[in-house]
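# An overview of the molecular structure
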Amino acid sequence: MALLEIKNLTLYIDTGDDTTVKALEKVNLTLNEGEIRALVGESGSGKSLVVRCIIGAIPDYWSIKADRITYNGQDLLNMSYEKRRQIMRREIAVVFQEPTSSLDPSVTIGEQIEESIPPEFIDKGWFWEKNRQRKQIAIGLIHKVGIRDHARYLNAYPHEIPKDVSQKIMIAMALASEPKILIADDSTRGMESTTKTQILRLLVKLNKTKKLAILFVSHDLLAITSIAQSMTVLYCGQTVESGKTRSLLKRPLHPYTKALLDSAPSFQVSLAPKSPLVALDGTIPTLQHLPAGCRLGPRCPNARKECVQVPAPRSIQEHTYSCHFPLHMPEKLSTKPPRMAQGLTATSYEDD
Ligand SMILES: Nc1ncnc2c1ncn2[C@@H]1O[C@H](COP(=O)(O)OP(=O)(O)OP(=O)(O)O)[C@@H](O)[C@H]1O
Ligand code: SF4
Ligand SMILES: [Mg+2]
């Protein structure tokens, strides 16, 4: 059973001019126990909105429709507020995109880490014993994320510490409740490469040693391919392809995934020096001007009239794609009436 499962998630948001748009449309995502899955897509594709739907940080005037959003088999959408809060407090932790705005500027780092430790982790005793225990746990958490000099940071305020240390502190706070899932929403954005490598190594270590499942949200393909076993590609609020990272890199079936990989020089083995990088024409549409059907349509080199219908997801083993005319597929097979993703099998292409 998947640890986290999202099936056909649609998010309606109010754009402010009396119109409602589908910011996310039929998004599917699965995170298995002990897995690192990347959620990848360009800026504005809806990655953070998916995270907000998982944690329930959606304003009342937006609405969610989904076949299911489950954590460990429990329906997150229909459970009580208290139960959901309990799961978010203990089982699913999030590290947000911007660490400096997530930390309270008026409280020291040490106090903020101590506050994130669930009270049930502290033994009964006199208040000074509890305080001492809390401090020890906070120091342990700081060491766990690779900061050795805890004395330097525990009494500091957020504005007094560098951004990369803030990011590690955020991860330390997220780990305080010993969660089963860590969602890292673009937590390495804008970091210089040494710090980024440290954070990525830390995530891999936590995944291996603590069996922590990680949803790594990013548009950094190099980082993704270095840590994620599987990936889900999002374009303009629609999931376009998902599967093992190895399979997607070797043989992307969706034109957007291919364009995304081709646009990164590191994935272009045959690229001669100074040759232009491949990029799709146009830009990601705004929410007010979404095309009908497949949202890649206006930018897609393979688009045809059938693409005005939203393509249903189809699967070949663990590789799922949503496209009427996938790459590397005989036309007859690609235009066959779509079948739902689950339980589909076809010939393997792993050994091509
Ligand atoms: N509070 C909001 N009100 C209205 N529109 C929003 C809001 N938050 C996000 N959006 C819109 O939803 C779309 C997806 O935004 P989102 O922040 O999820 O993108 P993202 O993939 O996380 O991008 P980035 O990589 O830049 O973080 C964008 O078009 C954005 O403008
Ligand atoms: S469904 Fe059509 S427009 Fe969309 S990616 Fe496939 S070929 Fe392109
Ligand atoms: Mg984001």
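That block above? That's the structure.
Residues numbered from 1 in each chain as written. Chains lettered and ligands numbered in written order. Predicted model: local features only at pLDDT ≥ 70, side-chain atom pairs only at ≥ 80, totals over all residues.

## Description of unusual backbone geometry
As a reminder of what qualifies: Numbered from the N terminus, helices here are DSSP runs of H or I no shorter than four residues, and strands are runs of E no shorter than two. To sort residues by burial, count the other C-beta atoms lying within 10 Å of each one's C-beta; a count of 20 or more means buried, 12 or fewer means exposed, and anything in between means partly exposed. C-beta atoms are built from the backbone.
The backbone phi angle of N8 is positive, close to 50°, even though this residue is not glycine. Locating N8 in the fold gives a position in strand β1 (residues 4-14). On the neighbour-count criterion, N8 (15 C-beta atoms within 10 Å) is partly exposed. One non-glycine residue with positive phi stands out, namely C236, at about 50°. Residue placement: C236 occurs in the loop between β10 (230-235) and β11 (238-244). Its 24 C-beta neighbours within 10 Å are what place C236 among the buried residues.

## Thoughts on the site of ligand 1
This is how the line gets drawn: Each residue gets a C-beta atom placed from its backbone. Should that atom fall within 6 Å of a molecule or strand, the residue is termed near it. In this classification, Asp, Glu, Lys and Arg are treated as charged, Ala, Val, Leu, Ile, Met, Phe, Trp, Tyr, Cys and Pro as nonpolar, and every other residue, Gly included, as polar.
Close contacts around ligand 1 come from 14 residues, with S43, G44, K47, S48 and L49 the closest. Class assignment of the residues belonging to the shell around ligand 1 gives a composition of 4 nonpolar, 8 polar and 2 charged.

## What about the environment of A259?
Going by this rule: Whether two residues are in contact is decided by their C-beta atoms, placed from the backbone, lying within 7 Å.
Here A259 is to be found in helix α11 (residues 255-262). Residue classification places A259 among the partly exposed residues on the basis of 19 C-beta atoms within 10 Å. For A259 and C300, which are 41 residues apart along the polypeptide, the C-alpha to C-alpha distance reads 9.6 Å. Those residues in contact with A259 that sit more than four places away from it in its chain are V278 and L280.

## Some thoughts on the sheet that holds β11
The pairing of strands in a sheet comes from backbone hydrogen bonds and takes either a parallel or an antiparallel form. Put simply, the test is: For two strands to pair, DSSP has to find at least two bridges joining them. Where helices are involved, their axes are fitted lines through C-alpha atoms of the stretch in contact, as for all axes, and angles between N-to-C directions lie from 0 to 180°.
A sheet is described by the order of its strands in space; here 8 strands give the open sequence β7-β8-β9-β3-β10-β11-β13-β12, paired in mixed fashion. Where the open sheet ends on each side, the last strands, each with one partner, are β7 (92-95) and β12 (314-316). Between one strand axis and the next, the sheet turns through 15° on average, direction left out of account. Both strand β8 (residues 181-185) and strand β9 (residues 213-218) contribute to a ladder of 5 bridges, which runs parallel. Residue I183 lies in a different strand from β9, and its bridge partner there is L215. Its contacts with the sheet put helix α1 (residues 47-55) on β3 (36-40), β7, β8, β9 and β10, and the angle it makes with β8 is roughly 150°.

## Some remarks on the nonpolar core
Stated formally: What we call a nonpolar core is a set of buried Ala, Val, Leu, Ile, Met, Phe, Trp, Tyr and Cys residues whose membership is set by joining through C-beta atoms within 7 Å.
Ranked by size, the top nonpolar core spans 77 residues in total, and within it I183 and F216 carry the most contacts. Among the elements that take part in this core, helix α7 (residues 163-175) stands out by supplying 8 residues, more than any other. When sequence neighbours within four positions are dropped, the list of residues in contact with I183 reads V51, I54, I92, V94, L215 and V217.

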